[in-house]
Amino acid sequence: ELMFWEIPGCEQVKFPTALKDTKWDSWTSTLGWPVQGVWPKHADGTDVNACCRSADGTVVATADDFGLVKLFRYPSDVGRADYHGYL
């Protein structure tokens, strides 16, 4: 579950879909709108262990349970995206 807060008022954002197009300074979460496509078919929700977007915001790298580092285009928000995999 992702939870968002308004600062400095410390109020929870009740409708996170309103943040869908927010430009974040970094992205290290395995969950969220821009990384939906990094999840493999039949993933159990724990298969992708780490995620990090590049500084220029064009690619995202993931590490998974199968020992692969995968590079995806960022955002990777539609279906199961194409990637380059490395052992």
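Up top is the structure these notes are about.
Residues numbered from 1 in each chain as written. Predicted model: local features only at pLDDT ≥ 70, side-chain atom pairs only at ≥ 80, totals over all residues. Heavy atoms only, no water.

Caption draft 1: Here's a closer look at the pattern of salt bridges. Throughout the structure, instances matching the rule amount to one salt bridge. One salt bridge in this structure joins Lys 70 and Asp 64, with 3.5 Å as the shortest N-O distance. Owing to a relative accessible area of 7%, Lys 70 belongs among the buried residues under this scheme. Judged by its relative accessible area of 10%, Asp 64 is buried. (Salt bridge = Lys/Arg side-chain N within 4 Å of Asp/Glu carboxyl O. Buried < 20%, exposed > 50% of the residue type's maximum accessible area, 1.4 Å probe, protein only.)

Caption draft 2: Layout of the pairing of strand 5 (residues 69–73). Here strand 5 shows a clear split, with Lys 70 and Phe 72 buried on one side and none of Val 69, Leu 71 and Arg 73 buried on the other. Where strand 4 (residues 59–64) folds back onto strand 5 in an antiparallel hairpin, the turn is made up of four residues, including Gly 67, whose phi is positive at roughly 80 degrees. Where strand 5 and strand 6 (residues 83–86) come together, four bridges link them in antiparallel fashion. When the bridges of strand 6 are listed, Phe 72 appears paired with Tyr 83. (Helix = DSSP H or I, 4+ residues; strand = E, 2+ residues; numbered from the N terminus. Pairing = 2+ DSSP bridges.)

Caption draft 3: The layout of surface pockets, seen in detail. By volume, the largest pocket is sized at about 410 Å³. Residues that form the lining of the largest pocket fall into these classes: ten nonpolar, five polar and five charged. Here the second largest pocket defines a volume of roughly 210 Å³. Residue lining of the second largest pocket: Val 59, Leu 71, Phe 72, Arg 73, Pro 75, Ser 76, Ala 81, Asp 82, Tyr 83 and His 84, and that is the complete set. Mapped by element, the contributors of at least two residues to the lining of the second largest pocket are strand 5 and strand 6. When residues of the lining of the second largest pocket are assigned to their parent elements, the largest contribution, three residues, is made by strand 5. Of the residues in the lining of the second largest pocket, the class split is six nonpolar, two polar and two charged. (1 Å grid on protein atoms, 1.4 Å probe; cavity = no way out; pocket = protein on both sides within 12 Å on 5 of 7 lines; lining within 4 Å. Points joined across faces, edges and corners; volume = space filled by probe spheres on them. Nonpolar A, V, L, I, M, F, W, Y, C, P; charged D, E, K, R; others polar.)

Caption draft 4: Geometry of unusual backbone geometry. The omega angle of the peptide bond from Ile 7 to Pro 8 is 10 degrees, so this bond is cis rather than trans. Structurally, Pro 8 can be placed in the loop between strand 1 (5–6) and strand 2 (11–12). At Cys 10, a residue that is not glycine, the phi angle is positive and equals roughly 55 degrees. For Cys 10, the location among the structural elements is in the loop between strand 1 and strand 2. A positive phi angle is found at His 42, which is not glycine, with a value near 65 degrees. For His 42, a relative accessible area of 72% gives the class exposed.

Bear in mind that shape data such as this cannot, by itself, settle questions of function.
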